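Structural overview for review
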Amino acid sequence: MIASHLLAYFFTELSHDQAQKIDKYLYHMRLSEDTLQEVSQRFGKEMEKGLGADTNPTASVKMLPTFVRSTPDGTEDGDFLALDLGGTNFRVLRVKVSDNGLQKVEMENQIYAIPEELMRGSGVQLFDHIAECLGNFMEKLKIKDKKLPLGFTFSFPCHQTKLDESILVTWTKGFKCSSVEGKDVVSMLRKSIKKRGDFDIDIVAVVNDTVGTMMTCGYDDHNCEVGLIVGTGTNACYMEEMRHIDLVEGDEGRMCINMEWGAFGDDGVLNDIRTEFDREIDMGSLNPGKQLFEKMISGMYMGELVRLILVKMAKEGLLFGGNLTPDLLTTGHFETRYVSAIEKEKEGLQKAHEILTKLGLEPSHEDCVATHRICQIVSTRSANLCGATLAAVLRRIKENKGVDRLRSTVAVDGSVYKKHPHFARRLHKTVRKLLPDCEIRFVRSEDGSGKGAAMVTAVAYRLAAQHKARQKILEALKLSREQLLEVKQRMRIEMEKGLGKDTHADATVKMLPTYVCSTPDGTEKGDFLALDLGGTNFRVLLVRVRNGMRRGVEMHNKIYSIPVEIMQGTGEELFDHIVHCISDFLEYMGMKGVSLPLGFTFSFPCQQNNLDEAILLQWTKGFKATGCEGEDVVNLLKEAIHRREEFDLDVVAVVNDTVGTMMTCGYEDPYCEIGLIVGTGSNACYMEEMRNVELVEGEEGKMCVNMEWGAFGDSGCLDDIQTEFDVAVDELSLNPGKQRFEKMISGMYLGEIVRNILMDFTKRGLLFRGRISERLKTKGIFETKFLSQIESDCLALLQVRSILQHLGLETTCDDSIIVKEVCTVVARRAAQLCGAGMAAVVDKIRENRGLDYLKVTVGVDGTLYKLHPHFSTVMHETVKELSPKCEVTFLQSEDGSGKGAALITAVACRIREAGQR
């Protein structure tokens with residue numbers, strides 16, 4: 001008993017010593033964590049090179065675009081075929097994917113041989129043979145009458161330009177068919193099928209087996225965005241952001257990149273960690289200097305590396321008593337499967353003894369221990385290197401997503417990963433060490449080259465069908481030039497109705513006279529007060545207008561709030577509060593008791609009978625003060641001033657903010673005769689000939705007309721371009737049936753239109769995987785400012801995703817693209833409609849004056865116009881296209897309701913003084 005214990009102890013000690021000897025001998029093959037980090041960093045740089053347009057030609061890691069733009073989402077459905085050609089056999093598969101709540105994949109396949117003479121014959125013969133086998137398979141399954149979509153796994157180096165176009169770069173794996181290199185293999189296969197004429201097939205995608213590996217797992221795990229193969233060869237692919245892929249047009253979304261990472265190091269970046277054994281393997285290979293990384297890690301070379309080490313150590317008398325056998329000296333005689341066998345926990349040493357004996361050696365126990373340790377070191381290095389490059393890929397995905405902690409899944413296939421007893425565990429450990437801040441799941445993939453190709457096809461099919469369905473829905477929001485001209489024409493008709501005395505009462509576009517008869521001429525000067533009441537806040541301004549050399553406008557203002565109880569109390573209380581604020585402001589400015597001319601911006605619906613007289617028609621925006629509707633607001637203000645008996649003011653003008661906008665720009669630009677606001681609401685005004693303003697006496701000169709164009713369409717004249725989404729927004733608004741034009745173009749409603757479209761898409765399963773969140777059902781969550789942010793050109797989809805996540809919408813990258821597209825369509829239509837309305841106005845002015853060509857400026861204000869990245873551009877283009885005889889300049893206005901009111905007052909005072917003189 002004691003003897004056997006001693007013997008075991010002796011052997012353990014001996015094994016330990018022997019292992020330490022080997023560790024010393026193979027010191028260069030044992031890579032430290034620092035070295036692995038360094039390799040990972042270098043690989044990250046190589047990826048960058050492969051993605052850059054300028055650096056790709058010289059990059060060793062080619063980073064090929066695959067044109068696969070999306071992973072499965074589990075809603076794929078249908079019958080698909082797959083072809084898998086990658087060696088001396090090829091397979092035909094039929095894959096049924098069903099999504100009836102239970103994701104299920106059924107497969108049938110058949111293997112066909114490719115005779116030696118065909119591998120070396122002509123390309124046409126090869127593809128004719130493939131087409132024949134395909135026909136035979138379809139005949140057997142009785143599906144020749146169906147036109148099924150097909151995915152083609154073609155595992156040779158190709159240059160892909162589209163999902164269904166792949167140009168063979170060079171044959172490998174013993175194939176040498178003539179006149180295929182440099183040609184598109186899909187069109188060759190299509191020709192062979194067409195020539196037969198007995199069946200038809202829709203070849204949708206050419207797939208690389210690594211991509212297939214990722215897609216197969218992606219069906220069950222939606223976090224899967226990396227594919228990895230470690231078998232005879234090695235490669236990886238992952239989902240990259242389009243904005244980083246210089247070789248493909250477009251910045252939206254993602255695309256799978258086939259890295260071809262076996263060539264890492266071909267440019268010398270791994271020379272410092274390659275050993276003499278790596279160099280020897282490379283020298284004896286079919287492609288010296290190529291695929292150097294693959295030669296350090298893949299199954300094709302792992303056994304050979306061990307053999308070379310054994311030979312060298314034997315030559316140096318360190319193993320097998322210095323004996324060598326012809327078998328051990330033969331290339332390829334120590335197979336990679338031996339490495340797996342020797343490293344098995346229990347019978348490893350016994351296996352080592354058997355294998356070494358089979359190679360003609362007479363191994364001692366120490367020889368077996370040493371061989372075991374050599375295998376361990378070689379396979380561990382392989383797993384570590386693979387983990388280092390994989391960590392670089394995952395780190396890149398993490399940076400692309402801008403997240404603190406990445407949760408991702410890697411799909412893996414290949415004999416080394418699946419059959420070696422410790423490879424997978426060591427690989428996972430290395431990745432976790434190098435990326436402690438990521439949760440990475442590894443999933444074994446089954447049949448990436450068959451099922452995977454069908455999955456790529458299924459996804460492409462789903463995306464195409466969904467795209468078509470979405471385009472059909474969005475079609476209604478895309479207006480043709482003819483439709484826009486029609487809108488312009490109808491706006492013109494409505495304008496005429498509003499101006500006419502007999503038609504005015506029934507007109508929807510009211511064309512209200514403002515009694516502003518002149519724009520600034522630059523000689524205005526003096527101090528003016530302006531009041532601005534249009535919401536819960538109220539402003540008082542002092543505006544100093546200078547002329548001559550120091551021409552300009554200087555402003556001081558103060559904002560006061562209006563408490564709800566005053567908004568909804570009596571008219572006297574409201575106007576007393578306003579006068580109290582004026583008094584406070586004058587004291588604040590040190591001008592107590594001074595009497596100044598005053599302009600009053602009062603942004604509520606009024607009927608003006610004079611420049612200084614405005615009858616309030618009805619309160620809006622939450623105001624309900626009693627005793628005001630039907631009264632002249634200037635009188636109400638004057639009475640309140642008298643009640644206070646503290647100062648006297650000369651109320652010269654009541655102003656609408658749109659008119660103020662025009663006047664502010666008119667001070668800068670004498671051509672400015674139009675005002676436009678596109679913000680929360682929308683409106684326009686312009687200088688009309690007095691002879692056309694039938695509601696006001698007099699024929700001479702001009703008068704500014706406040707169009708109140710938001711109500712355009714209330715008569716039903718826009719019903720043919722209204723969509724179901726406009727109707728839904730209108731029905732749920734505070735004023736159904738009113739302000740219909742405004743509801744199609746202004747900031748208050750665009751977000752709601754977008755939300756309704758997104759809901760519709762989701763209900764049809766075209767977005768958010770068909771899941772409607774409670775948030776999406778909430779009215780008003782999609783603010784118009786999000787439209788501006790989402791469409792901003794510098795915003796990556798990442799930020800779009802974060803906006804959507806902030807709204808409680810879990811999205812994929814594809815969802816973000818769709819949301820962005822909807823925003824673009826809705827905002828574009830708004831800008832075009834606004835442009836069509838503006839075109840009607842400029843053409844009216846031109847025709848009023850009998851001109852062939854009009855040069856005019858529009859003063860514009862409003863958040864949508866100023867903040868949205870494309871609104872103004874699209875609107876300008878539309879005006880230019882619909883009114884070619886007008887040269888229209890747009891000038892952004894500053895503070896139409898404050899400064900504008902003061903300028904109207906200044907102009908009125910100038911005219912009044914001239915009249916007195």
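How each quantity is defined
Residues numbered from 1 in each chain as written. Predicted model: local features only at pLDDT ≥ 70, side-chain atom pairs only at ≥ 80, totals over all residues. Heavy atoms only, no water. Helix = DSSP H or I, 4+ residues; strand = E, 2+ residues; numbered from the N terminus. Rg over C-alpha atoms; globule rule 2.2 N^0.38 Å. Buried < 20%, exposed > 50% of the residue type's maximum accessible area, 1.4 Å probe, protein only. Contact = heavy atoms within 4.5 Å. Areas by Shrake-Rupley, 256 points an atom, 1.4 Å probe, with all protein chains shown as cover. Lys, Arg positive; Asp, Glu negative; His and termini not counted. Charge placed at Lys NZ, Arg CZ, Asp CG, Glu CD. Salt bridge = Lys/Arg side-chain N within 4 Å of Asp/Glu carboxyl O. Pairing = 2+ DSSP bridges. Axes fitted to C-alpha atoms, helices over the stretch in contact; angles between N-to-C directions. Expected span 1.5 Å × (residues − 1). Parallel < 35°, antiparallel > 145°, perpendicular 65-115°, else oblique. Nonpolar A, V, L, I, M, F, W, Y, C, P; charged D, E, K, R; others polar. pLDDT = per-residue confidence, 0-100. Left-handed = near helix turned anticlockwise from the far one by under 90°. Core = buried A, V, L, I, M, F, W, Y, C linked by side-chain atoms within 4.5 Å. Phe/Tyr/Trp six-rings, centres within 6.5 Å; stacked < 30°, edge-to-face > 60°.

Another point: the overall build of the protein. Counting its regular elements, the protein contains 29 helices and 26 strands. Its C-alpha atoms give the protein a radius of gyration of 39 Å, more than 25% over the compact-globule value 29 Å for 917 residues. Taken along its principal axes, the extent of the C-alpha atoms in the protein is 125 × 70 × 50 Å. Relative to its 917 residues, the protein shows a buried fraction of 57%. Within the protein, contacts between residues at least 6 apart in sequence are counted, and of these 70% link residues at least 24 apart. Surface accessibility of the protein: about 39100 Å² in total, with carbon and sulfur atoms responsible for 50%. For the protein, the centre of its 113 positive side-chain charges and the centre of its 134 negative side-chain charges are spaced 5 Å apart.

A word on the pattern of salt bridges. The full count for this structure, using the stated rule, is 70 salt bridges. Note that Asp-79 and Arg-94 form a salt bridge whose closest N and O atoms lie 2.9 Å from each other. Of this pair, Asp-79 sits in strand β2 (residues 78-85) while Arg-94 sits in strand β3 (residues 89-99), and the two are 15 residues apart along the sequence. When sorted by exposure, Asp-79 lands in the same class as Arg-94, which is buried. Arg-381 serves as the salt-bridge partner of Asp-278, at 2.7 Å between the closest nitrogen and oxygen. Of this pair, Asp-278 sits in helix α7 (residues 276-283) while Arg-381 sits in helix α12 (residues 365-401), and the two are 103 residues apart along the sequence. Each member of the pair, Asp-278 together with Arg-381, is buried.

Examined against the element boundaries, Thr-153 turns out to sit in strand β5 (residues 148-154). The buried category is assigned to Thr-153, whose relative accessible area is 0%. Each residue touching Thr-153, except ones within four places of it in the same chain, is listed here: Leu-83, Asp-84, Leu-85, Val-207, Asp-209, Ser-449 and Ala-453.

Read from one edge to the other, the open sheet built from five strands follows the order β17-β16-β15-β18-β21, with strand pairing classed as mixed. Of all the strands in the sheet, the pair left with one neighbour each is β17 (552-561) and β21 (650-655). This sheet shows a mean twist of 20° between the axes of neighbouring strands, independent of strand direction. Of the strand pairs in this sheet, strand β15 (residues 526-533) and strand β18 (residues 597-602) are connected by five bridges, and their pairing is parallel. Directly across from Ala-530, in β18, lies its bridge partner Gly-599. In the packing of helix α18 (residues 571-588) onto the sheet, contacts are made with β15, β16 (537-546), β17 and β18, and the angle to β17 comes to roughly 130°.

Right, let's get into helix α16 (residues 481-499). Compared with the 27 Å implied by 1.5 Å per residue over 19 residues, the 27 Å span of α16 between its first and last C-alpha is a close match. Buried residues of α16: Leu-484, Val-487, Lys-488, Arg-490, Met-491, Arg-492, Glu-494, Met-495, Gly-498 and Leu-499, and no others.

What follows concerns the sheet that holds strand β1 (residues 64-65). Strand order in the open sheet formed by six strands is β1-β11-β10-β9-β12-β13, with mixed pairing between adjacent strands. Each end of this open sheet is capped by a strand with a single partner; those strands are β1 and β13 (438-444). Across two bridges, the pairing between β1 and strand β11 (residues 254-258) is antiparallel. Residue pairing across strands places Leu-64 opposite Asn-258, the latter belonging to β11.

What follows deals with the packing of helix α6 (residues 209-218) against helix α15 (residues 451-475). Axis separation between α6 and α15 bottoms out at 7 Å; the angle between their running directions is 70°. Classified by the angle their axes make, α6 and α15 are roughly perpendicular. Taking contact as the criterion, the partners of Val-211, Gly-212, Met-215 and Thr-216 in α6 are, on α15, Lys-451, Gly-452, Met-455, Val-456 and Val-459. Considering only residue class, the contact of α6 with α15 consists of five nonpolar, three polar and one charged.

What follows covers the pairing of strand β25 (residues 854-861). Of all the eight residues making up β25, seven are buried; the element is thus mostly covered by neighbouring parts of the structure. The pairing of strand β22 (residues 672-678) with β25 spans five bridges and is classified as parallel. Bridge pairing in β25 links Leu-676 to Val-860. Alignment of β25 against strand β26 (residues 886-892), held across seven bridges, turns out to be parallel. Residue pairing across strands places Leu-854 opposite Cys-886, the latter belonging to β26.

Mean pLDDT over the protein: 89, with 97% of residues reaching 70 or higher. Predicted confidence is poor over residues 6-11, with pLDDT under 50, and the contacts of this stretch with residues over four places away or in other chains come to one contact.

Attention shifts here to the packing of α7 against helix α9 (residues 299-315). One way to put it is that α7 packs onto α9 with a least axis distance of 10 Å and a crossing angle of 115°. Like other packed secondary-structure pairs, α7 and α9 cross with a definite hand, here right-handed. Taken together, the residues of α9 that come into contact with α7 (itself represented by Glu-276, Phe-277, Asp-278, Glu-280 and Ile-281) are Tyr-301, Glu-304, Leu-305, Leu-308, Ile-309 and Lys-312. Split by residue class, the contact of α7 with α9 holds six nonpolar, no polar and five charged.

What follows is about the pairing of β18. Taking burial as the measure, the six residues of β18 include six buried ones, the bulk of the element. Of the two faces of β18, both are covered, the one formed by Pro-597, Gly-599 and Thr-601 as well as the one formed by Leu-598, Phe-600 and Phe-602. Pairing geometry for β18 and β21, over five bridges, is parallel. When the bridges of β21 are listed, Leu-598 appears paired with Val-651.

A few words now on the nonpolar core. Membership of the largest hydrophobic core comes to 114 residues, with the highest contact counts inside it found for Leu-676, Tyr-686, Met-707, Trp-709, Phe-782 and Met-838. When neighbours within four sequence positions are excluded, Met-707 is seen to be in contact with Met-491, Met-495, Val-509, Lys-510, Met-511, Asn-683, Ala-684, Cys-685, Tyr-686 and Val-841. Counting 113 residues, the second-largest nonpolar core is a separate cluster that includes Phe-43, Leu-163, Ala-352 and Ala-388.

Right, let's talk about the environment of Tyr-219 for a bit. Along the chain, the position of Tyr-219 falls in the loop between α6 and β9 (224-230). Residues Tyr-219 and Gly-74, 145 residues apart in the sequence, show an inter-C-alpha distance of 5.6 Å.

With that settled, the discussion passes to the packing of aromatic side chains. For the structure shown, the criterion picks out 22 aromatic pairs. On the numbers, 5.0 Å between centres and 55° between planes, the contact of Phe-154 with Phe-156 is tilted. Of the residues examined, Phe-154 reaches a relative accessible area of 3% and is grouped as buried. Of the residues examined, Phe-156 reaches a relative accessible area of 6% and is grouped as buried.

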